[in-house]
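Observations on the model geometry
Letter by letter, the chains look like this.
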Amino acid sequence: MFKIKVLSDDMNDEDLVNVYHPEIEKFDFEDNLELDIEARKQRFADWSEEQLFFFTIDIQTVNNRMYYGGEVNYVAKDIAVQRKGDDFDENYRFETIPVVKQSQTIKDEKDLSEFLYEGKAIPISNTNFLGSDMDSISSFLIFNNLDTNRTNSLGYLYENLDVSETTLNSIRYESLNDLNSAISIRKIKTDEWLQYAYFNINQYDDLLFVPKNYLLANSLDKNTTLVDNLQQPLIDDDSEKSTLDNADSSKDDDTLFLEHFEKLIKSQKYDLTLEREDLISFYLAVKTNILTILSGLSGTGKSKITTAFADALGILKTNQFKMISVRPSWQDDTDLLGYADTMHNVYRPGDSGLVEILKDAQDNPNKLYVVVLDEMNLARIEHYFSQFISVLERRSEDRVIHLYNKNVVPLFNKENYPNEIKIGSNVRFIGTVNIDESTFSLSDKLIDRANIIQLALLPFTKKNKGTTYKDEGNSNIDFQTNLVSSMAKINSKISENALTSNELSFFWKLDQLLINGLSAGGFGWRTIRNVESFLSSVTSPMNFSREKALDYQVAQRILPKLRGTNENFQSLLKLENNKLDGKIIDLLDENDELSSFEKSREVLLKKARELWVTGFVS
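Now for a quick tour of the structure.

What counts and what doesn't
Residues numbered from 1 in each chain as written. Predicted model: local features only at pLDDT ≥ 70, side-chain atom pairs only at ≥ 80, totals over all residues. Heavy atoms only, no water. Helix = DSSP H or I, 4+ residues; strand = E, 2+ residues; numbered from the N terminus. Buried < 20%, exposed > 50% of the residue type's maximum accessible area, 1.4 Å probe, protein only. Contact = heavy atoms within 4.5 Å. Areas by Shrake-Rupley, 256 points an atom, 1.4 Å probe, with all protein chains shown as cover. Phe/Tyr/Trp six-rings, centres within 6.5 Å; stacked < 30°, edge-to-face > 60°. Lys NZ or Arg CZ within 6 Å of the ring centre and 35° of its normal. Patch = residues over 30% accessible without salt bridge, like charges linked within 9 Å, V, L, I, M, F, W, Y side chains within 5 Å. Salt bridge = Lys/Arg side-chain N within 4 Å of Asp/Glu carboxyl O. Lys, Arg positive; Asp, Glu negative; His and termini not counted. Charge placed at Lys NZ, Arg CZ, Asp CG, Glu CD. Pairing = 2+ DSSP bridges. Axes fitted to C-alpha atoms, helices over the stretch in contact; angles between N-to-C directions. Polar contact = N/O pair within 3.5 Å; in protein donor to acceptor, adjacent residues only side chain to side chain. Core = buried A, V, L, I, M, F, W, Y, C linked by side-chain atoms within 4.5 Å.

1. Points about the overall build of the protein
Scanning the protein from terminus to terminus reveals 20 helices and 27 strands. By the burial criterion, 51% of the 618 residues in the protein qualify as buried. In the protein, the share of contacts with a sequence separation of at least 24, taken over all contacts with a separation of at least 6, comes to 73%. Summed over all atoms, the accessible surface of the protein reaches about 30800 Å², with 45% contributed by carbon and sulfur.

Next comes the structure, spelled out in structure tokens:
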């Protein structure tokens, strides 16, 4: 048995709580039975000093009396343990805040606001841990706005609430009509809060524990952003909905990020000159597909754009971003992932660091992880990236990479390096490629699974001046969380933005042209699904029309497959008097109501010129 001090207001400072052996056995503490008892006690004491204990209090009775040994006997039950944060201070007093998670009942912030205004019961677990005294329950409430039960993004903080009732599975607050003050809604700056708050605790995942001093006005102003006040009935008119952004309500999350991304790209920090449409296309490709490949002349900024993308998301200097330089000597996936050393019975991860970032991504499904394979075609991609290519299009639950055969030999470090890692939907691979004599060409199998984006080279006269970047309030926007949330909803939007019968007819005719004209031509349902995902992510505030998006998908998804000799392209594509001709051009002309296909024509013109000069297209 040992005693612990309570850091909440449930008890007096001098009261201690007893922890007995049945609870201690549940701890993640490895006892060393070879040591003497005093040494074992000291090891446990040292370990305990670094932990915070979360528990309920049971008052034990003897013969129906609350006194045990002359004193009240407080016993800790349902204990969960978490390591203390770097900011921890033993003088802290903690407040327990209920967390409402997104559900079918409460889908968004507007739904929750309506529940609060009308005083409705709000579904929430763990209400028994809040206490039976209404006055002691926190006046704060958190709405966690990602539809998952395990997330490191906190969402919105509701302030100035007054609890009227709790049941086993719900909590009810006084309606706005009965309150004397407005309910404030604040967007939580997650990274700042998680330095001192404790969230997603096992058994207590609908609660957040935060030191009271961080709930004072000056700390809230620093670590949250006030976005709204509820003080009158919500207006049903869509044009007058209350917005929970500190930005222009006419702009959605994607548009706000793109503006932020573009400004950062043009700033002195990156000083890149790129077409806006290429940035939009790159963003949408990364959002909707696990693998995106950037192609173009050396020096056009392929590597820089990936770094700027991570910077714009706020993950550049974290373990969520990894730039891996591909080596020409790589022969198989052991060069990238590592291998099982059967002589010493250990797994030796590759020095690329890819295994570590994939493990982190598996453990944190609500964070975005970006892996960049720089100059990925310096080695044969189908060799060192073979496992990934095979699983890219599988369902997320089946997308598994095998590190080694677990039946071959037991490994001493198998706890740190399991035999397989799941590649979740929160992982994105970006490759940069150069097309020259030092590199390998991309296979059809790879092209089928990626958006191939060729960055346009703009005239030198359009060079950016490298202006100083002004944040203009974007630091208050959690772009990464918004993107992960948006990525999770893509499939639900496809039915609303599916290809029309005319568009499907166009793709079918194009498919037949390639199949009949090229030995490795044609594409399948995978490409159609990917095109629909891309189109479903386009929003009107982007100023990137469906027609343009369709054009970019033809250029990036299908036209990279056009490879072969003059003989292959005889009727498909040719250049006469510096003018494009052929069956592919005829098909584009016949479907000009779908798109002008400007980008596709640019790609085809380049291929036709290459064909005319060299006699083949690569």
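2. Observations regarding the packing of aromatic side chains
On inspection of all chains with the given rule, the structure shows 29 aromatic pairs. Relative to Phe-53, the ring of Trp-47 lies with its centre 6.4 Å away and its plane at 80°, an arrangement referred to as edge-to-face. The burial state of Trp-47 is the same as that of Phe-53; both residues are buried. Here Phe-544 and Tyr-552 contribute two aromatic rings whose centre-to-centre distance is 5.5 Å and whose plane-to-plane angle is 65°, an arrangement assigned as edge-to-face. The pair Phe-544 / Tyr-552 is uniform in exposure class, with both members buried. Here Lys-120 stacks its cationic end above the ring of Phe-115, 5.0 Å away from the centre of that ring. Cation over ring: Lys-359 sits above Tyr-417, and NZ or CZ is 4.5 Å from the ring centre.

3. Topic: a negative patch on the surface
Negative charge collects at one region of the surface, where Asp-46, Glu-49, Asp-89 and Glu-90 lie side by side. Note on placement: Asp-46 falls in helix α2 (residues 37-49).

4. A closer look at the sheet that holds strand β11 (residues 170-173)
An order of β7-β11-β10 is seen for the three strands of this open sheet, with the pairing classed as antiparallel. Edge positions in the sheet fall to β7 (121-123) and β10 (163-167), since each has one partner strand and no second. Across the sheet, the axes of successive neighbouring strands diverge by a mean angle of 25°, strand direction being ignored.

5. Here's the deal with helix α3 (residues 109-118)
α3 sits mainly inside the fold: seven of its 10 residues count as buried. Among all positions in α3, only Glu-109, Asp-111, Leu-112, Ser-113, Phe-115, Leu-116 and Tyr-117 are buried. Turning to α3, the residues buried within the fold contact β7, β8 (141-144), β9 (156-159), β11, β12 (183-188) and β14 (224-230). Sitting at the amino-terminal end of α3 is Asp-108, which places a side-chain oxygen 3.2 Å from the backbone nitrogen of Lys-110. At the exit of α3 stands Gly-119, carrying a positive phi of roughly 70°.

6. Describing the environment of Lys-304
Checked against the element boundaries, Lys-304 lands in helix α8 (residues 302-313). The exposure class assigned to Lys-304 is partly exposed, which follows from its relative accessible area of 38%. Those residues in contact with Lys-304 that lie beyond four places of it in its chain are Tyr-270 and Leu-272.

7. Structural notes on the nonpolar core
Generally speaking, a soluble globular protein has its nonpolar side chains buried in company with each other. Phe-261, Phe-309 and Phe-507 are the most contacted members of the largest nonpolar core, which has 76 residues in total. It is helix α7 (residues 276-288) that provides the largest number of residues to this core, a total of seven residues. Sequence-distant contacts of Phe-261, defined by excluding residues within four places in its chain, comprise Leu-279, Phe-282, Ile-305, Ala-308, Phe-309 and Ala-312.

8. A look at the side chain of Gln-480
Relative to the helices and strands, Gln-480 resides in helix α14 (residues 479-488). At a separation of 2.5 Å, a polar atom in the side chain of Gln-480 contacts the side chain of Gln-320. A distance of 2.9 Å separates the side chain of Gln-480 from the backbone nitrogen of Leu-368, its partner in a polar contact.

9. Quick word on a nonpolar patch on the surface
Taken together, Leu-297, Leu-457 and Phe-460 make up a surface patch of nonpolar side chains, about 400 Å² in accessible area. Here Leu-297 shows up in the loop between β15 (291-295) and α8.

10. Comments concerning the pairing of strand β22 (residues 427-433)
Buried residues dominate β22, accounting for seven of its seven residues. Going residue by residue along β22, you find Val-427, Phe-429, Gly-431 and Val-433 tucked away on one face and Arg-428, Ile-430 and Thr-432 tucked away on the opposite face as well. The pairing of β15 with β22 spans five bridges and is classified as parallel. Bridge pairing in β22 links Ser-295 to Val-433. Where strand β19 (residues 369-374) meets β22, five bridges bridge the pair, whose relative direction is parallel. Within β22, the position partnered with Leu-373 by the bridge is Gly-431.

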